[in-house]
Amino acid sequence: MSKFAELKLGKQTYKLPIITGTEGEKAIDITNLRAESGLITFDPGFGNTGSCTSKITYIDGNKGILRYRGIPVDELAEKSTFVETAHLLIHNKLPSKCQLNSFSQLLTKHSLMHEDMRHFFDGFPRGSHPMYILSTMINALSAFYPNVDAESLKGDIDETAARLISIVRTFAAFAYKKSIGEPIVYPRHDLSYCANFLNMMFDSPVKPYEIDPEIVKALDRLLIIHADHEQNCSTSAVRVIGSAQVNIYSTISAGINALSGPLHGGANQAVISMLEGIVKRGGNVDKVIEKAKDKKNPFRLMGFGHRIYKTVDPRAKIIKQSCHDILEKLNINDPLLDVAMELEEKATNDEYFLSRNLYPNVDFYSGIIYRAIGIPSNMMTVMFALGRLPGWISQWKEMISTKGAKIARPRQIYKGRALTKYQAPQDC
Ligand code: ACO
């Protein structure tokens, strides 16, 4: 294939370089197009725009492939741990035992929040959504640790990465305890990342929490599966905001806000309320499918469809299997799982969904596992954020380390009024 694409505009021909990725994906490089031709490209929603080159995550949306640093996500979900996968994403290599040990020690060291921050939790109204509490708390870290700009973190990001990954877990558990009016439980140095989180969530002075290794493993696997997903909405938010050299905590806070939307990470909570609604109304799945197909109705089948995957999301496959395993091990019979499977079966055999390549995504089955391990539905997107942190951090690190990195600044085509004279307000 030629190394250039040619664009003809009238008598002029512009040669645009072709960029080729590791797996053969191709892009037309338009960096100099406007300077040479005066034209920009137009792509609302960025469905056809590559915003960077990256060495972190590879997705083939037609074949259902997802790899972190070259390693298939299913292999990591089976053999790795969340902490090891976080190291892989951030440092581009699996850690040695010593490296893993020192990274784990850093996570332990940074698991406590500054005591002054504890009072912040009292300022939120009862019933506040934990995602808003989480993003606010992470943003507040900028005030406590202001000197974490791009320049200072180019050399060593480990301390800051560990603080973020560790403290988000503490914030999440504290936010939950606050929401149910129970005393907070501090992190313990002797517990692994996921065991510590579960203990902070569910231990209580009147009923000590028994840590079940099966639940720890299920949670670890879920976090691995969520750890990165290249240039999705929240990661792009992190890259865009970070490109202005904003403090890393404020940058990650923006990612958390982007993730909270129901079209993105917030879909896992929305799936559960959709499934609960179906069960409550007698289990009529067909009605919901018809509603999702009705163009006059804004309702969408939550947990279905994806901008990149045109086949089953590989994460959904792993999560569905985990869902069966954990429910069986815990001896739970959740009617939501039966409804979810019936929905999947019917939708994936329906012409509407087939013709639009709409299949279950990562959010379709994850909430059922969270329910089984006791995590309430308003905490489910927080769990997604916990998992996605290593991805946001590694994407941020890659972005600030890119030679000649520029501030993100898309253009537009103005369609408003032409030159208009100012008129002072008229009498009513
Ligand atoms: N239910 C019903 N119809 C759908 C759905 C759905 N879940 N998703 C897409 N469609 C339809 C659209 O109405 C559109 O139909 P049309 O061609 O007749 O107009 C067509 O499929 C294409 O949809 P788009 O909105 O153009 O697809 P896009 O790539 O922009 O959106 C998205 C992807 C946002 C994920 C969408 O599929 C959706 O809203 N899904 C439900 C929410 C959800 O599960 N989000 C989580 C995604 S995974 C993640 O972010 C972690």
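Residues numbered from 1 in each chain as written. Predicted model: local features only at pLDDT ≥ 70, side-chain atom pairs only at ≥ 80, totals over all residues. Heavy atoms only, no water.

Novice: Which residues make up the layout of surface pockets, and what are the values?
Specialist: Of the pockets and cavities examined, the second largest pocket occupies roughly 280 Å³. Lining the second largest pocket we find 15 residues, and of these Val83, Ser104, Leu191, Ser192 and Tyr193 sit closest to its centre. Looking at the lining of the second largest pocket, the elements that each hand over two or more residues are helix H4 (97-109), helix H9 (193-202) and helix H10 (213-225). When grouped by side-chain class, the residues that make up the lining of the second largest pocket number five nonpolar, seven polar and three charged. (1 Å grid on protein atoms, 1.4 Å probe; cavity = no way out; pocket = protein on both sides within 12 Å on 5 of 7 lines; lining within 4 Å. Points joined across faces, edges and corners; volume = space filled by probe spheres on them. Helix = DSSP H or I, 4+ residues; strand = E, 2+ residues; numbered from the N terminus. Nonpolar A, V, L, I, M, F, W, Y, C, P; charged D, E, K, R; others polar.)

Novice: Now, about the side chain of threonine 170: what can you tell me, with residues and values included?
Specialist: As for its placement among the helices and strands, threonine 170 is situated in helix H8 (residues 158-180). Once residues within four sequence positions are removed from consideration, threonine 170 is found in contact with Ser111, Met113, Pro187 and Met200. (Contact = heavy atoms within 4.5 Å.)

Novice: Which residues make up unusual backbone geometry, and what values do they have?
Specialist: The phi dihedral of glutamine 245 falls on the positive side, at around 65°, and the residue is not glycine. Here glutamine 245 is to be found in the loop between helix H11 (233-242) and helix H12 (248-259). Judged by its relative accessible area of 59%, glutamine 245 falls in the exposed class. Positive phi, close to 55°, is recorded for asparagine 331, a residue that is not glycine. (Buried < 20%, exposed > 50% of the residue type's maximum accessible area, 1.4 Å probe, protein only.)

Novice: For the site of the ligand, give the residues involved together with the corresponding values.
Specialist: Neighbouring the ligand are 21 residues, the closest being His264, Arg300, Leu301, Arg307 and Tyr352. Arginine 300 has a polar side-chain atom sitting 2.8 Å from an oxygen atom of the ligand. Within the contact set of the ligand, a nitrogen atom lies 2.9 Å away from a backbone nitrogen or oxygen of phenylalanine 304. Against a free-state accessible area of 920 Å², the protein chains account for coverage of 74% of the ligand. (Near = heavy atom within 4 Å. Polar contact = N/O pair within 3.5 Å; in protein donor to acceptor, adjacent residues only side chain to side chain. Areas by Shrake-Rupley, 256 points an atom, 1.4 Å probe, with all protein chains shown as cover.)

Novice: Explain the packing of helix H13 (residues 267-280) against helix H19 (residues 380-401) residue by residue, including any values.
Specialist: Running from N to C, H13 and H19 point in directions that differ by 150°, and their axes come no closer than 7 Å. Overall, the two elements H13 and H19 adopt an arrangement that is roughly antiparallel. Read as a crossing pair, H13 and H19 show a hand that is right-handed. Between H13 and H19, the contacting residues are Asn268, Gln269 and Ile272 on the first element and Met380, Thr381 and Phe384 on the second. The residue inventory of the contact of H13 with H19, partitioned by class, reads three nonpolar, three polar and no charged. (Axes fitted to C-alpha atoms, helices over the stretch in contact; angles between N-to-C directions. Parallel < 35°, antiparallel > 145°, perpendicular 65-115°, else oblique. Left-handed = near helix turned anticlockwise from the far one by under 90°.)

Novice: Quick one: what's the story with the pattern of salt bridges, residue by residue and with numbers?
Specialist: Enumeration over the complete set of coordinates arrives at 18 salt bridges. Linking lysine 346 and aspartate 286 is a salt bridge whose minimum nitrogen-to-oxygen distance equals 3.3 Å. You can see lysine 346 sitting in helix H16 (residues 335-347) and its partner aspartate 286 sitting in helix H14 (residues 285-293), a full 60 residues away along the chain. With relative accessibility at 40%, the residue aspartate 286 sits in the partly exposed group. Residue lysine 293 is joined to aspartate 350 by a salt bridge in which the shortest nitrogen-to-oxygen separation is 2.8 Å. In this pair, lysine 293 sits in helix H14 while aspartate 350 sits in the loop between H16 and helix H17 (351-355), placing the two residues 57 residues apart along the sequence. Residues joined in a network through salt bridges with shared partners are Glu276, Asp334 and Arg371. (Salt bridge = Lys/Arg side-chain N within 4 Å of Asp/Glu carboxyl O.)

Novice: Could you give me a rundown of the packing of helix H15 (residues 314-329) against helix H18 (residues 363-372), with the residues and numbers involved?
Specialist: For the pair H15 and H18, interaxial distance at closest approach is 8 Å and the crossing angle is 25°. With respect to H18, the axis of H15 lies roughly parallel. For the element pair H15 and H18, the recorded crossing hand is left-handed. Of the residues in H18, those in contact with Ala316, Ile319, Lys320, Ser322, Cys323, Ile326 and Leu327 of H15 are Tyr365, Ser366, Ile368, Ile369 and Ala372. Counted by class, the contact of H15 with H18 contains nine nonpolar, two polar and one charged residues.

Novice: How would you sum up the pairing of strand E4 (residues 57-60)? Please name residues and give values.
Specialist: Side-chain alternation along E4 places Thr57 and Ile59 on one buried face and Tyr58 and Asp60 on a second face that is also buried. The pairing of E4 with strand E5 (residues 65-68) spans four bridges and is classified as antiparallel. Within the sheet, the bridge partner assigned to threonine 57 lies in E5 and is tyrosine 68. Once E4 ends, the chain turns through four residues before running back antiparallel as E5, passing glycine 64 with a positive phi of about 70°. (Pairing = 2+ DSSP bridges.)

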